[in-house]
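# Understanding the architecture of this molecule
Spelled out from the first residue to the last, the chains are:
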Amino acid sequence: MKRHQLILQQLQEHKHVEVPALCEVLNVSAVTIRKDLKLLEEKGLLFRTHGGAALESPYIKDRPVNEKELLNVTEKTAIVSAAARLIEAQESVIIASGTTMLALARALPAQLPLTVITSALNVGMELLRHPEIEVLQLGGYLRHSSSSVTGPYAEQVLADTSCSKLFLGIDGIDLDFGLTTTNMGEARLNQQMIRAAQETIVLADSSKFGRRGFGRICGLDQVHRIITDAGISHHDAKRLEEQGILLTVV
């Protein structure tokens, strides 16, 4: 069917599509589009998501940090370069966990006077090379897959702090469901980080859009800025900007 071919073509171009956008392109009802998506999923040609469809499964499995570090390297490098330019001397910031956060730590100028709170052991070790940066390393239960800690000890320290910015890496961004990660303990810690920061800045390459992890961190209403790459779809970019989120595309 020609309509099915056009749906798959849209998916090839954007990797993730939503029902309203398909209705507009194909000039048919939402009921028709949902039936088409169901048939295409049964044939193994796509995965249905909340409100649309994706080429890859929207549900993310946890992977070791050394595997994640090899993914989307070019995009991450550009993203963290833009993020590093937002940090000013004498600030107190939170750098969460993940391979993009490690890349951000590596991108910070060596002589920048700064206080950094982090849950990631690899971020803390990286910043030891910077004599001007004071590091508050959170403690707790160590996650082997992410080289980071979770738990009540880390949450309590964050409850007693206030920082200007949080730099947050995530596993998935669903425009309706919000930010997610694969681990519920990490999601809880990220929630406390958001409470401790005046501004939440999400660093996420475009492959994270339209995907969900097990643990919900927050809705997009708690996000101030997202830095991503040019692979983000026009539809997703427009929706983020309509919600008042500052979007930086590198």
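Refer to the preceding data block for the structure.
Report follows, based on the coordinates.

Reading the values: rules and limits
Residues numbered from 1 in each chain as written. Predicted model: local features only at pLDDT ≥ 70, side-chain atom pairs only at ≥ 80, totals over all residues. Heavy atoms only, no water. Helix = DSSP H or I, 4+ residues; strand = E, 2+ residues; numbered from the N terminus. Rg over C-alpha atoms; globule rule 2.2 N^0.38 Å. Buried < 20%, exposed > 50% of the residue type's maximum accessible area, 1.4 Å probe, protein only. Lys, Arg positive; Asp, Glu negative; His and termini not counted. Charge placed at Lys NZ, Arg CZ, Asp CG, Glu CD. Salt bridge = Lys/Arg side-chain N within 4 Å of Asp/Glu carboxyl O. Arc of directions from axis to C-beta. Contact = heavy atoms within 4.5 Å. Core = buried A, V, L, I, M, F, W, Y, C linked by side-chain atoms within 4.5 Å.

When helices and strands are tallied, the chain shows 10 helices and 15 strands. For the chain, whose C-alpha radius of gyration is 19 Å, the value lies close to the compact-globule estimate of 18 Å for 250 residues. Dimensions of the chain, computed from C-alpha atoms along their principal axes, come out at roughly 65 × 30 × 30 Å. Going through the 250 residues of the chain one by one, you find that 50% of them count as buried. The average position of the 26 basic charges and that of the 29 acidic charges among the side chains of the chain differ by 7 Å.

Let us look at unusual backbone geometry. Residues other than glycine seldom take positive phi values, yet Q90 does so here, at roughly 75 degrees. Locating Q90 in the fold gives a position in the loop between α5 (73-84) and β4 (92-95). Phi at S147 takes a positive value of approximately 55 degrees, unusual for a residue other than glycine. Its place among the elements puts S147 in the loop between β7 (141-143) and β8 (148-150).

On inspection of all chains with the given rule, the structure shows 11 salt bridges. Between R188 and E155 there is a salt bridge whose closest N-O contact spans 3.4 Å. Here R188 is found in helix α9 (residues 184-196), whereas its partner E155 is found in helix α8 (residues 152-159), with 33 residues between them in sequence. Sharing partners across several salt bridges, the network here consists of E18, D176 and R239.

For helix α2 (residues 19-26), the complete set of buried residues consists of V19, L22, C23 and L26. Projected down its long axis, α2 shows its buried positions confined to an angular sector of 105 degrees, all on one face. Across from the buried face of α2, at angles greater than 90 degrees, the exposed residues are P20, E24 and V25. On its buried face, α2 is in contact with α1 (2-14), β1 (16-18), α3 (30-42) and β3 (52-54).

This paragraph deals with the nonpolar core. For soluble globular proteins, the rule of thumb is that nonpolar side chains tend to be buried together. Core analysis: the biggest nonpolar cluster contains 56 residues, and L179 and L203 have the highest contact counts within it. Ignoring anything within four residues of it in the chain, the contact list for L179 reads L168, I170, G172, I173, V202, G215, R216, I217, C218, L220 and V223. Ranked by size, the runner-up nonpolar core spans 12 residues in total, among them L11, V17, I33 and A53.

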